[in-house]
Amino acid sequence: MKAMILEKPGQRLRLAELDRPNPGPGEVLVRVEACGVCRTDQHIVDGELPPPPFLPLILGHEAVGRVEACGEGVESFEIGQRVGIPWLGGTCGQCWYCRHDAENLCDAPSFTGYTRHGGYAQFTVANADYCFGLPPNIDPLHAAPLLCAGLIGYRAYSLASDKAHRLGLYGFGASAHILAQLARAEGREVYAFVRPGDEEGCRFAVELGCSWAGFSDERPPRPLDAAIIFAPVGALVPAALRAVRKGGVVVCAGIYMSDIPSFAYRDLWHERIIRSVANLQRGDGINFFRALERVEIRTHVQPFALEEANEALEALRQGRLQGAAVLVIA
Ligand SMILES: [Zn+2]
Ligand SMILES: [Zn+2]
């Protein structure tokens, strides 16, 4: 099979011809149709996260494909069924977090495309218990970004409090463009913050129903109830704190962020909250896909061939994408 492999952080991915993997007990072999390119992939390639436990590595944790073969003991999926493979690739089931409804914080987790191979390939093997069954008629290209941008975005959205009527989104990329549509459909007002000068990003946000779109160094016209930061820019944390009302929540949704500059205690005062979001729980996925049955969300995607994964990562690095980059795998 063809795969794009990471041989060393800091280097471009390389196209390789590898043996097709075999599913072990509890695993499924999936013929990948599309795989989203996530900000986390870029951080892994650029060496901004701890190095993966083995190299070469196949990245990709927003994979959509069809089950090609089931390993021993897999009963939840059938051959030919369409599934989605998310970032959370496995948990220990035994640590304190797993036993206390916090599997996203598991002490011994595995992550797709980071501590196990992912979807930048024609085939991949995944733990069946951590895959999501998808509707058979779903379009893989448009569904791929739901697996991380959508799902971890949804977890951040859930943690931003259900009382948050006025919601700010800092960084209007793959996650924000999905959440903005969901939040609008649920009757919330969405305020989008894009990088200064990105007029096109503002237009895109307004087109998707945001009440206001402006640059991240601007104040919103009204205080926000909550803000979610998707851009990996630490300076946005104090900016977002100043944009939320008393008791407001600022959620940092990324796996990596540049350092947060120091700020005055009065910006945090009055019970404002800063928190991060890590990974996902399988329940987030179940709730998210259930919400999508009520609300129609149109993901905006820019397709790339598998061989163009480096170009997709570069477009993401430079902020040249509107919506999400997706590798379409033949
Ligand atoms: Zn655990
Ligand atoms: Zn991701």
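Residues numbered from 1 in each chain as written. Chains lettered and ligands numbered in written order. Predicted model: local features only at pLDDT ≥ 70, side-chain atom pairs only at ≥ 80, totals over all residues.

A. Local environment of the nonpolar core. Counting residues in each nonpolar core, the largest one holds 99 residues, and the members touching the most others are Leu169, Ala192, Ile229, Ala240 and Val251. Looking at which domains feed residues into this core, each of domain 1 (2–147 + 300–328) and domain 2 (151–276) gives three or more. Every residue in contact with Ile229, bar those within four places of it in the chain, is listed here: Tyr170, Gly171, Leu236, Val237, Ala240, Val250, Val251, Cys252 and Ala253. (Core = buried A, V, L, I, M, F, W, Y, C linked by C-beta atoms within 7 Å. Buried ≥ 20, exposed ≤ 12 C-beta atoms within 10 Å, placed from the backbone. Domains from an automatic or database assignment. Contact = placed C-beta atoms within 7 Å.)

B. Just the domain arrangement of the protein, in detail. The domain boundaries assigned to the protein delineate domain 1 (2–147 + 300–328) and domain 2 (151–276). Its C-alpha centre places domain 1 at a distance of 27 Å from the equivalent point of domain 2. Between domain 1 and domain 2, the residue contacts involve 16 residues of the former and 12 residues of the latter. With three residues, helix α1 (residues 39–45) is the largest single contributor of residues to the side of domain 1 that touches domain 2. A breakdown of the residues in the side of domain 1 that touches domain 2 according to their chemical character gives eight nonpolar, six polar and two charged. (Helix = DSSP H or I, 4+ residues; strand = E, 2+ residues; numbered from the N terminus. Nonpolar A, V, L, I, M, F, W, Y, C, P; charged D, E, K, R; others polar.)

C. Fine view of the environment of Leu208. Along the chain, Leu208 turns up in the loop between α6 (199–207) and β13 (212–215). On a C-alpha basis, the gap between Leu208 and Val190 in space is 9.8 Å, while along the polypeptide they are 18 residues apart. The residues contacting Leu208, other than those within four sequence positions of it, are His177, Ala180 and Gln181.

D. The packing of helix α4 (residues 149–159) against helix α5 (residues 174–185), seen in detail. At their nearest, the axes of α4 and α5 sit 8 Å apart, and the two run at 60 degrees to each other. Between α4 and α5, the angle is such that the two are oblique. Remark: the crossing between α4 and α5 carries right-handed chirality. Contacts from Ala149, Gly150, Gly153 and Tyr157 of α4 reach α5 at Ala174, Ser175, Ile178, Leu179 and Ala183. (Axes fitted to C-alpha atoms, helices over the stretch in contact; angles between N-to-C directions. Parallel < 35°, antiparallel > 145°, perpendicular 65-115°, else oblique. Left-handed = near helix turned anticlockwise from the far one by under 90°.)

E. Representation of the packing of α4 against helix α8 (residues 282–294) in the model. Closest axis-to-axis distance for the α4/α8 pair is 9 Å, and the angle between their directions is 100 degrees. By the angle class used here, α4 and α8 are roughly perpendicular. Listed contacts from α8 to Gly150, Leu151, Tyr154 and Arg155 of α4 are Asp284, Gly285 and Phe288. Per-class residue counts for the contact of α4 with α8 are three nonpolar, two polar and two charged.

F. Focus on the sheet that holds strand β11 (residues 166–170). An order of β13-β12-β11-β14-β15-β16 is seen for the six strands of this open sheet, with the pairing classed as parallel. Across the chains shown, the open sheet's two edge strands, defined by having one partner strand only, are β13 and β16 (273–276). Across the sheet, the mean angle separating the axes of adjacent strands is 20 degrees when strand polarity is ignored. Of the pairings in the sheet, the one linking β11 to strand β14 (residues 224–229) comprises four bridges and is parallel in character. Bridge pairing in β14 places Leu167 opposite Ala226. This element, helix α7 (residues 236–243), spans β11, β14, β15 (244–252) and β16 of the sheet and lies at about 150 degrees to β15. (Pairing = 2+ DSSP bridges.)

G. α5, seen in detail. For α5, built from 12 residues, the straight-helix expectation of 16 Å at 1.5 Å per residue is met to within 8% by its first-to-last C-alpha distance of 18 Å. α5 sits mainly inside the fold: 10 of its 12 residues count as buried. Three or more residues of α5 are buried, namely Ala174, Ser175, Ala176, His177, Ile178, Leu179, Ala180, Gln181, Leu182 and Ala183. Elements in contact with the buried residues of α5: α4, β11, β12 (189–194), α6, α8 and β18 (324–328). Taken from the residues just after α5, Gly187 is the one with a positive phi, measuring 85 degrees. (Expected span 1.5 Å × (residues − 1).)

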